[in-house]
Amino acid sequence: MLGDTAVAVNPSDKRYAHLIGKMLILPLVNREIPVIADEYVDMEFGTGAVKITPAHDPNDFEVGQRHNLEQIKL
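Because the structure is predicted, anything quoted here is derived from the model rather than measured.

S.K.: Is there a simple way to think about the environment of aspartate 38 in this case?
M.R.: Note on placement: aspartate 38 falls in the loop between strand 3 (31–37) and strand 4 (49–52). Exposure remark for aspartate 38: the relative accessible area of 6% places this residue in the buried category. With 25 residues separating them along the chain, aspartate 38 and valine 63 place their C-alpha atoms 7.4 Å apart. Contacts of aspartate 38, omitting those with residues within four sequence positions, involve Val9, Asn10, Pro11, Val63, Arg66 and His67.

Laid out in structure tokens, this is it:
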């Protein structure tokens, strides 16, 4: 969680449409992270929202590249 740089939702998911582009607070480090829209997210799986950690996961790395997200290496 310390390396999370965004929360992603599917752009077709109406539940989260009002949050895309907003900022959230990552409580562990009190850092703001954006809510982004990306087709990578399966809106039928779990909550339909996923944390993105580009420096620690290959799929998240790809999402991070598409959205110019920071890579936090701990």
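Next, the rest of the story.
S.K.: I keep staring at the sheet that holds strand 4 and nothing clicks. Help me out?
M.R.: Here we have four strands laid out as an open sheet, ordered 2-3-1-4, and mixed in their pairing. The outermost strands of the open sheet, each flanked by one partner alone, are strand 2 (23–26) and strand 4. Averaged over all pairs of adjacent strands, the angle between their axes in this sheet comes to 35 degrees, without regard to strand direction. Two elements, strand 2 and strand 3, share four bridges in a ladder whose sense is antiparallel. Bridge pairing in strand 3 places leucine 24 opposite isoleucine 33.

Conventions we followed
- Residues numbered from 1 in each chain as written.
- Predicted model: local features only at pLDDT ≥ 70, side-chain atom pairs only at ≥ 80, totals over all residues.
- Heavy atoms only, no water.
- Helix = DSSP H or I, 4+ residues; strand = E, 2+ residues; numbered from the N terminus.
- Buried < 20%, exposed > 50% of the residue type's maximum accessible area, 1.4 Å probe, protein only.
- Contact = heavy atoms within 4.5 Å.
- Pairing = 2+ DSSP bridges.
- Axes fitted to C-alpha atoms, helices over the stretch in contact; angles between N-to-C directions.

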